Structures are given as C-alpha cells and as structure tokens.
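Structural overview
Here is what each chain is made of, one letter per residue.
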Amino acid sequence: MAHPTEVEKMLSLVASGAVALWLETTGTTLPPPRSLSPLLEAPGLAFSTDTDPPAQQLVDRYVRRLSSRGFAPENQGLWLQAGTRVLASHRGTVPLPAASITKVATSLVALETWGGDRTFETAFYGTGTLNNGTLDGDLAIAGGGDPMFVWEDAIAVAIELQRQGIQRVSGDLRVGSTFSMNFKDDPIAAGTLLERAFDARQWTPDLENAYKRLSANSAKPLPKPQLDILGEVRSADDNPSVGRLLYRHRSRPLLTLLKQMNVYSNNVMAETLATQLGGGATVARRAARLAGVPPTEIQLVNGSGLGQNNRISPRAACALFAAIQRRLAADGRTVADVFPVSGRDGGTLEDRRIPKGAIVKTGTLWNVSALAGAIPTRDLGLVWFAAIDGGEDYVIPFRRAQDEFLDRLVAQYGDEVM
C-alpha cells in the first residue's frame, strides 16, 4: 500500500506524544550554535587528559561518598565531557556492566542502518475466497519485525479488514514466527491477543481504552470491529506460499519506536531490533565504529542489556550519545527525540529527581545502576555524562547519588533551563 490509511495516520497521532519537543516543552535553551558545533563535527571519542579541576573534584567526591557507604571504587565508573574536552573521569575507559545503557548502542546502530523514518510492515493474507462476508480459508500473518504492534494496531487492522468486507474467517489464524503483539513473541500467545482485539465482544478494559485513544484522533467515529475467527490460532510460516495479500500494516516510524523503547526501557523491543541487526556482538562492533571508541569498550551479548556480560565504558556511553546527536542533527533533530527528557517524559524517570531538561537513559540490574546522557549548562553548553555504579544488590543508593551528582554539576556550571 503506497500511502498510509486514515487509521494508520491515527495510530501515528496516538504515538505523537513520543516525539521530542525538548526546547518548547521543558523550557530548555540550547547552547549558542558556536559552542555546540564542535561536538557535532568532531568524533565522539575525546582524548584530552587536561581535565577540569572543579569537575574532577565533583567526581572524586562522588566516588568517596559511595566508598564511605561500602561501595568499592573499582565498581564505579564516571565520565564527563563537553565538546571534545574531557571534564573528569573515574575509570572512564573501563567497560562495566551497563544494563540498559546497552539500548543506546542498539538505538545508534538501528538509526544508522534504517534511518529514523523506517517503518516495519506486518502482512495479512487470506488463503480463500470472500463469500458474503466470510473468508473461506485461513487468515495468515507474516511478521515484519514490528517491535511495537499493540492493541491499537490490532484494532486498526480489524477495522481495515472489515472495511474490505471480511466479517468472519472460516479457517484458522496462522501466525508467523516473527510476529509479536503486546511484546509477546510466542506465535500462539501473540495470535490469541490479536484474535481478542478483532472482536469487540471480547474486549477487556485495556482494549476499550485503546479504542478510545484511537478514536480520539479520528475525524469521525470508528466502528467497533466484530471479526470472528472460527478456527484455531496456530503457528505458521512467515511467508505464506499461498493466499492473497489483504493488507500491509505499517508500524510507527523508527524514531518513535526508539523513543518508546528508551522511555520505558523495553527489553523485548530492544531484542527485536537487535536480532534484525545481527545480534549483540554485531551491534557492539558497529556501535564502536560509529562512536569512534575502541571495540574493547563496548562488549555486548544482546541488544537490551539483560545480564552482566553486556559491558560498556562510561566514555563509550557518552560517545554513543554524541554519535546519535550527530546522526540526528542533519535532520534538525536531537537526542531528545530518542531518549527521555527529565521533567517531561515518564517511564523509568518517574521516581527520579534528575534536573529538568536532562536527556538520559537509565539502566538497572539487580546490582547495577547506570545513568548516561546530556545535560544543558550555562557555562559549558551540553555536558555529556555517564555514571555506571555497581557492586551491591540494592540500587536505590546509586540512583540517589546519581541524581544528586547532576544537581551539583548544574550548580557548578549554571542551570540552562529557563
């Protein structure tokens, strides 16, 4: 289908809250172009050993405070950078368990591979003829790698199929192995959810709310679908050898998908994208090259960050963010289009006290808390930062220390948020 349907346009509007309006919404002002341009033009890796004494004092004090509470200094890593200048570091080039900071690498490689406007298509095929509202055959789904096919998408598909005159399917619902729904990638589980969404008589409150969100962006009332699947839900080939293409459903643009993935730190979305990119090791290798860091500083076994074997150095985390900024700048976008902004986006920032206007990615394992991103300051412009802390099975002290550290950083170099 060459052009998006009206329902697809509505789906895009449902997700439009994920599109960053960093400056307007938070009141943040960017540094003058002259101070920002060196970062956009330079490689992400900073070599300078001439650190900024006040910044280094902040980092040293941070490590001492954690050490006084029993957290070993060798398990903590920090890096601060403004433009190509290193402001401060503590074990900044040592790869540490990075938890969901891994998703920054996945985001970078996805953007470089596909571009921010890329969509993923899910195809629906009918294996029989349509007679008096009945599809005499099966309805087959060929998944296209959409990492965020949810209730709204399923309702939209049902509305489109009914618009084509399909009221019931006499055969089975055949679900391909690369189709996932509501972040469930088992074909039977995903297909069962899809079947429920197709028939408003089976809707739960979650589905009713999804329908309301979809309808709110429609110029006219949307019909509630009642599409019956008379057969069973079963696994099938992703590329049906028989059947007529009924509909290709397009996902939200990649930029929106990445924003949602990072705001909520969704592991299934990250793994879905990373698998299509070649897996964790491939993502690591490509991310290191794009960010300009030594390959030893990005070591990944998957795309989500689950597990202790995903390791990234604080310096590499900053370089990954800077590389994404450079990649987006050509289109007039910023890292705020891909990562949550404190003071506006919820998700993993709900219980944090991070200064308003900071663009961050959080990461949490049972014994690791990580925080990386960029924060606008009056004196230095954008400061890229990464703190990766670990060693205990209670991460709340790390989170509090990281939030307080950013407060002190802003106090030191001036608050750029108006």
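Quick notes on the rules
Position labels on residues start from 1 in each chain and follow its written sequence. Local features in a predicted model are, by the rule used here, given only for residues with pLDDT of at least 70; side-chain atom pairs are given and counted only at 80 or more, and totals for whole chains, interfaces and linings are based on all residues. Calculation of side-chain values draws on the structure's entire complement of heavy atoms; hydrogens and water are dropped beforehand. In DSSP terms, a helix is any run of H or I states spanning at least four residues, a strand is any run of E spanning at least two, and both are numbered starting from the N terminus. Only protein chains enter the calculation, and the probe is 1.4 Å; a residue is then buried if its accessible area is under 20% of its type maximum, exposed if over 50%, and partly exposed in between. Throughout, a contact is declared for two residues whenever any of their heavy atoms are within 4.5 Å. Each accessible area is a Shrake-Rupley estimate made with a 1.4 Å probe; only the visible protein chains count as cover when residues are assessed. Working convention: axes come from line fits to C-alpha atoms, limited for helices to the stretch in contact. Angles between N-to-C directions cover 0 to 180 degrees. Relative orientations are named as follows: roughly parallel for angles under 35 degrees, roughly antiparallel for angles over 145 degrees, roughly perpendicular for angles from 65 to 115 degrees, and oblique for any other angle. By convention, the crossing between two helices is left-handed when the near helix turns anticlockwise from the far helix through less than a right angle, and right-handed when the turn is clockwise. Each residue gets one label: Ala, Val, Leu, Ile, Met, Phe, Trp, Tyr, Cys and Pro are nonpolar, Asp, Glu, Lys and Arg are charged, and the others, such as Gly, are polar. Centres within 6.5 Å are what make two rings of Phe, Tyr or Trp a pair, Trp counting through its six-membered ring; a difference in plane orientation under 30 degrees is then read as stacked, over 60 as edge-to-face, and the rest as tilted. By definition, two strands form a pair when at least two bridges between them are found by DSSP. As used in this record, nonpolar core signifies buried Ala, Val, Leu, Ile, Met, Phe, Trp, Tyr and Cys residues forming a set joined through side-chain atoms within 4.5 Å.

1. Examining the overall build of the chain
Each helix and strand counted, the chain has 13 helices and 17 strands in total. Relative to its 418 residues, the chain shows a buried fraction of 58%. For the chain, restricting intrachain contacts to residue pairs at least 6 apart in sequence, the fraction spanning at least 24 positions comes to 74%. With an accessible surface of roughly 16800 Å², the chain has 49% of that area assigned to carbon and sulfur atoms.

2. Looking at the side chain of T122
Relative to the helices and strands, T122 resides in strand 4 (residues 121–126). Beyond its immediate chain neighbours, meaning those up to four positions away, T122 contacts I141, A142, G143, G144, D146, F149, F179, Y247, R248 and H249.

3. Considerations on the packing of helix 4 (residues 53–68) against helix 13 (residues 396–413)
The N-to-C vectors of helix 4 and helix 13 enclose an angle of 160 degrees; their axes lie 11 Å apart at closest approach. Between helix 4 and helix 13, the crossing angle belongs to the class labelled roughly antiparallel. When you trace helix 4 past helix 13, the crossing you get is right-handed. Within the contact between the two elements, helix 4 uses P54, A55, L58, V59, Y62, R65 and L66 and helix 13 uses F398, A401, Q402, F405, R408, L409, Q412 and Y413. Its residues placed into classes, the contact of helix 4 with helix 13 shows eleven nonpolar, two polar and two charged.

4. Here's the deal with the environment of F120
With respect to the secondary-structure elements, F120 resides in the loop between helix 5 (102–114) and strand 4. We classify F120 as buried; its relative accessible area is 0%. Considering only alpha carbons, one finds F120 and F149, 29 residues apart in sequence, at a separation of 9.8 Å. Ignoring any residue separated from it by four or fewer positions in sequence, one finds F120 in contact with W114, G144, G145, D146, P147, H249, R250, S251, L254, L257, L273 and Q276.

5. What to know about the packing of helix 11 (residues 280–291) against helix 12 (residues 314–329)
Contact geometry of helix 11 with helix 12 gives a least axis separation of 9 Å together with a crossing angle of 70 degrees. The angle between helix 11 and helix 12 places the two elements in the roughly perpendicular class. Residues A287, L290 and A291 of helix 11 touch helix 12, and the partners they reach there are A319, L320, A323 and R326. Residues of the contact of helix 11 with helix 12, tallied by class, amount to six nonpolar, no polar and one charged.

6. Topic: the packing of aromatic side chains
Scanning the entire structure with this criterion turns up seven aromatic pairs. When the ring of Y62 is compared with that of F405, the centres are 5.3 Å apart and the planes differ by 70 degrees; the resulting orientation is edge-to-face. A residue pair is termed long-range when its members are at least 10 positions apart, and Y62 in helix 4 and F405 in helix 13 qualify at 343 residues.

7. A look at the sheet that holds strand 6 (residues 134–136)
Read across the sheet, four strands follow the order 5-6-8-10 without closing on themselves; strand pairing throughout is mixed. Looking along the sheet, the strands with just one partner apiece sit at the ends: strand 5 (129–131) and strand 10 (228–229). Across three bridges, the pairing between strand 5 and strand 6 is antiparallel. Opposite L130, over in strand 6, you have L135 as the bridge partner.

8. Focus: the pairing of strand 16 (residues 368–377)
Among the ten residues in strand 16, ten count as buried, and that is most of the element. The side-chain alternation of strand 16 yields two buried faces, one formed by V368, A370, A372, A374 and P376 and the other by S369, L371, G373, I375 and T377. In this structure, strand 15 (residues 359–365) lies alongside strand 16, joined through seven bridges in antiparallel fashion. Bridging from a neighbouring strand, T364 pairs with S369 of strand 16. Bridge count for strand 16 against strand 17 (residues 381–390) is ten bridges, and the pairing is antiparallel. Pairing of A372 across the sheet is with A386, part of strand 17. Following strand 16, the chain reverses through three residues before pairing antiparallel with strand 17.

9. What to know about the environment of E121
Along the polypeptide, E121 turns up in strand 4. E121 sits 22 residues away from G143 along the chain, and the two C-alpha atoms are 7.3 Å apart. Setting aside its immediate chain neighbours within four residues, E121 contacts A142, G143, G144, R248, H249 and R250.

10. Overview of the nonpolar core
Nonpolar side chains in soluble globular proteins tend to be buried together. Judged by nonpolar contacts, the single largest core of 57 residues is most densely connected at I298, I312, L320 and I324. When residues of this core are traced back to their parent elements, those giving at least two are helix 5, helix 9 (254–264), helix 10 (267–277), helix 11, helix 12, strand 16 and strand 17. Among the elements that make up this core, the one with the highest residue count is helix 12 (nine residues). Those residues in contact with L320 that sit more than four places away from it in its chain are V104, A105, L108, A287, A291, I298 and I312. One finds L173, M181, L193 and L227 within the second-largest nonpolar core, a separate group that totals 36 residues.

11. Description of unusual backbone geometry
Non-glycine residue N182 carries a positive phi angle of around 50 degrees. Note that N182 resides in the loop between strand 9 (173–176) and helix 7 (187–198). For S265, which is not a glycine, the phi torsion comes out positive at approximately 50 degrees. Along the polypeptide, S265 turns up in the loop between helix 9 and helix 10.

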